[in-house]
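Examination of the molecular architecture
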Amino acid sequence: IIVYILENGGKPIIHRAIHKTPDGIITKGDANLSPDPWSPIRSDQIVGKWSGIKIPYWTGIGYLALILKGELFYPLGYLLLTLIILINILFIVREARIQR
């Protein structure tokens, strides 16, 4: 997993390195079906790497992040967040009634 910044100086991108070529590193986001279209990433664009525990792509963490940000299956992410908030409110009200 590497952290890099594209030429345009945007936000840091954290993607998986899937192949190394003479021109740089080919990357792919876990929620993407194909390699990043802006690959290869040159070594001067890389600002960090992550070598901690490995999260398998099949866990769907990348998809969950895209859904919650509203970038995939809009507006499902907003509906899920609203549902979670409502459930928490219900638990708070229930707990308050039990303590009376």
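Presented here is an overview of the structure given in this document. These figures come from a predicted structure and were not determined experimentally.

As for the overall build of the chain
Looking only at helices and strands, the chain has 2 helices and 4 strands in total. In the chain, the succession of helices and strands from N to C terminus is β-β-β-β-α-α. Here the C-alpha radius of gyration of the chain, 19 Å, is well above what a compact globule of 100 residues would show, namely 13 Å. Across its three principal directions, the C-alpha atoms of the chain cover 70 × 30 × 30 Å.

Points about the pattern of salt bridges
Summed over the entire model, instances satisfying the criterion amount to 2 salt bridges. Among the ionic pairs, Asp30 bridges to Arg16, the shortest N-O distance being 2.9 Å. Here the residue Asp30 occupies a position in the loop between β3 (24-28) and β4 (46-49), and Arg16 occupies one in strand β2 (residues 13-21), the gap between them amounting to 14 residues. We classify Asp30 as partly exposed; its relative accessible area is 29%. For the salt bridge of Asp44 with Arg42, the shortest nitrogen-to-oxygen distance reads 3.0 Å.

A short note on the packing of helix α1 (residues 61-69) against helix α2 (residues 76-99)
One can describe the packing of α1 onto α2 by two numbers: an axis separation of 6 Å at closest approach and a directional angle of 85°. The angle between α1 and α2 falls in the class roughly perpendicular. In contact with Ile67, Leu68 and Lys69 of α1, α2 contributes Leu76, Gly77, Tyr78, Leu80 and Leu81. Of the residues belonging to the contact of α1 with α2, the class tally is 6 nonpolar, 1 polar and 1 charged.

Cut-offs applied
Residues numbered from 1 in each chain as written. Predicted model: local features only at pLDDT ≥ 70, side-chain atom pairs only at ≥ 80, totals over all residues. Heavy atoms only, no water. Helix = DSSP H or I, 4+ residues; strand = E, 2+ residues; numbered from the N terminus. Rg over C-alpha atoms; globule rule 2.2 N^0.38 Å. Salt bridge = Lys/Arg side-chain N within 4 Å of Asp/Glu carboxyl O. Buried < 20%, exposed > 50% of the residue type's maximum accessible area, 1.4 Å probe, protein only. Axes fitted to C-alpha atoms, helices over the stretch in contact; angles between N-to-C directions. Parallel < 35°, antiparallel > 145°, perpendicular 65-115°, else oblique. Contact = heavy atoms within 4.5 Å. Nonpolar A, V, L, I, M, F, W, Y, C, P; charged D, E, K, R; others polar.

These figures capture arrangement, not role.
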